[in-house]
Amino acid sequence: MLKHLGGAMLAAVIACAAPAAARAADPITIGLGMALTGGLAPSGKAALLAMQIWAEGVNAKGGLLGRPVKLVYYDDQSNPATVPGLYTKLLDVDHVDLVISGYGTNMVVPALPVIIQHQRTFLGLFALDANSEFHYPNYFSIVPTGGPHPKQSFAKPFFSVAMAQTPKPQTLAIVGADAEFAHNAIDGVRQLAKEAGLKIVYDRTYPPATADYSPIIRAIQVTNPDLVFVASYPPDTVGMLRAASEVGLQTKLFGGGMVGLQYTPLKVQLGPLMNGVVDYEFWLPTGKLATPAAMDFLKRYQAQAPAAGVDVLGYYLPPFAYADMQVLQAAVEGTKSLDQEKLADYLRSHTIHTITGDITFGPDGEWTEARVMEVQFHDVKGNDLAQFRDPGKTETILDPPPLKDGAIIYPYTKARQ
């Protein structure tokens, strides 16, 4: 009888252990929405590839906490209206373990109410001061803006370059899309203009679905501004540049916040239309930015990019999308947990090492130190991809001073020649 009882007990132990072992082998699921169609898709697809490269690398080394990782993602169609529903599905239906954002301010802001309701730790990818209204303590931003004034930090290099010119500019035109990103950028621009003593002669927004930008450029030209700051997403960036060329915009500095000029496909599409534009960049494979870890990632990314049909160079968003996952990985491994509060506490109190540099988070989850660059496009000839492989051939870094590698061609009308 004891012999039979021992066998029964052993069977029971094995039966109890089997589900536990199965649970341990279940993947850690990471949920997100991402722009795979629509105006943000060129960068959204590239970001997703970078995240998949991270997942492949982590799984090849045994996963996180001894479990494989799995990305669960949906197409947000570059449409902010789809975002709340996607994150509700990820959390309430898919029951993902962790959540991160899609690409851009316009997609991060509508996700935050859902995240806050579910009390999740959340990483926002390339969102400009998205948490300024919510002040949610478990939000962390993956974008090189930040410091004490995140909104101003985005445009500050543009004004640093502008106000160093002789004679100093006196007037400013501000234009941008009627959307979250542009509103936040323009808020910062207005404050910087006030500090610089600039007179704002034009300050308007336009519907994101605008098709013809020529009337906007003509209205700006009537005010004869020294500076024109544009806060635009890729589709309207293309429209603005084409209109500026057609109208023959006369100004001393043009650009500042034009999203899309960092994308290889748009660079190839626009070609010489970019010449003379002064715009932001976040990362380029040059100088101290081209660390061995960053270049190793870039090599892996570029090997897979053609087959994936994404930006073949990947200098803009992919390094930060990979860094996004490194930040998440550091928190999970550092706490040995998926507990949301523990993850947030870790990120608030540690410096995280990534391929884009060390990141320390401050108030509202912004970087404690901004690292935005300002560049000027020049010598772009035709629409050949090869000319963009070496950024130094078509872009001069004007700011910050430690990265500066050339002088500005000023004014814009001269630089366009």
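As a reminder, the structure under discussion sits directly above these lines.
Presented here is a report on the structure given in the accompanying data block. Not measured: the values here are computed from a predicted model.

**What about the overall build of the protein?**
So, point 1. A count of helices and strands for the protein gives 14 helices and 14 strands.
So, point 2. Against the compact-globule benchmark of 22 Å for 417 residues, the protein has a radius of gyration of 24 Å, which places it among compact chains.
So, point 3. The proportion of buried residues among the 417 residues of the protein is 55%.
So, point 4. Of the contacts made within the protein by residues no fewer than 6 positions apart, 68% connect residues no fewer than 24 positions apart.
So, point 5. Within the structure as shown, the protein displays about 17,000 Å² of accessible surface, and the carbon and sulfur contribution to it stands at 56%.

**Quick look at unusual backbone geometry**
So, point 1. Of the consecutive residues T166 and P167, the connecting peptide bond is found in the cis state with omega at -5°.
So, point 2. Within the element layout of this structure, P167 appears in the loop between α6 (150–162) and β6 (171–177).
So, point 3. Of note, the bond from D399 into P400 is cis; its omega dihedral lies within 30 degrees of zero at 5°.
So, point 4. Within the element layout of this structure, P400 appears in the loop between β14 (395–399) and α14 (412–415).
So, point 5. Although it is not a glycine, F126 sits at a positive phi angle of roughly 60°.

**Brief notes about the environment of L48**
So, point 1. Along the chain, L48 falls in helix α2 (residues 41–60).
So, point 2. Taking relative accessible area as the criterion, L48 reaches 6% and is therefore assigned buried.
So, point 3. As a C-alpha pair, L48 and D279 span 231 residues in sequence and 25 Å in three-dimensional space.
So, point 4. In this view, L48 contacts L36, L71 and Y73; residues no more than four positions away in its chain are not counted.

**Thoughts on the sheet that holds strand β1 (residues 28–34)**
So, point 1. Spatially, β2-β1-β3-β4-β5 is the arrangement adopted by the five strands of the open sheet, whose pairing is parallel. Pairing within the sheet leaves two strands with one partner each, and these edge strands are β2 (69–75) and β5 (139–142). Direction aside, the axes of adjacent strands within the sheet are offset by 20° on average.
So, point 2. In the sheet, β1 pairs with β2 via seven bridges, with the strands oriented parallel. Residue pairing for β2: G31 is matched across the bridge by V72.

**Quick word on helix α3 (residues 83–92)**
So, point 1. Those residues of α3 that sit buried are V83, L86, Y87, L90 and L91. Each buried residue of α3 lies within a common arc of 125° when the element is viewed along its axis, so the set occupies one face.
So, point 2. Along its buried surface, α3 packs onto β1, β2, β3 (98–103), α4 (105–108), α5 (112–118) and β4 (122–125).

**Concerning the side chain of N131**
So, point 1. Looking at where N131 falls in the secondary structure, it is placed in the loop between β4 and β5.
So, point 2. Classification of N131 as buried rests on a relative accessible area of 0%.
So, point 3. If near-sequence neighbours (up to four positions away) are discounted, N131 is found in contact with L112, Y136, Y139 and D364.

Parameters at a glance
- Residues numbered from 1 in each chain as written.
- Predicted model: local features only at pLDDT ≥ 70, side-chain atom pairs only at ≥ 80, totals over all residues.
- Heavy atoms only, no water.
- Helix = DSSP H or I, 4+ residues; strand = E, 2+ residues; numbered from the N terminus.
- Rg over C-alpha atoms; globule rule 2.2 N^0.38 Å.
- Buried < 20%, exposed > 50% of the residue type's maximum accessible area, 1.4 Å probe, protein only.
- Contact = heavy atoms within 4.5 Å.
- Areas by Shrake-Rupley, 256 points an atom, 1.4 Å probe, with all protein chains shown as cover.
- Pairing = 2+ DSSP bridges.
- Axes fitted to C-alpha atoms, helices over the stretch in contact; angles between N-to-C directions.
- Arc of directions from axis to C-beta.

From the geometry alone we can't say anything about function, so treat these as descriptive.
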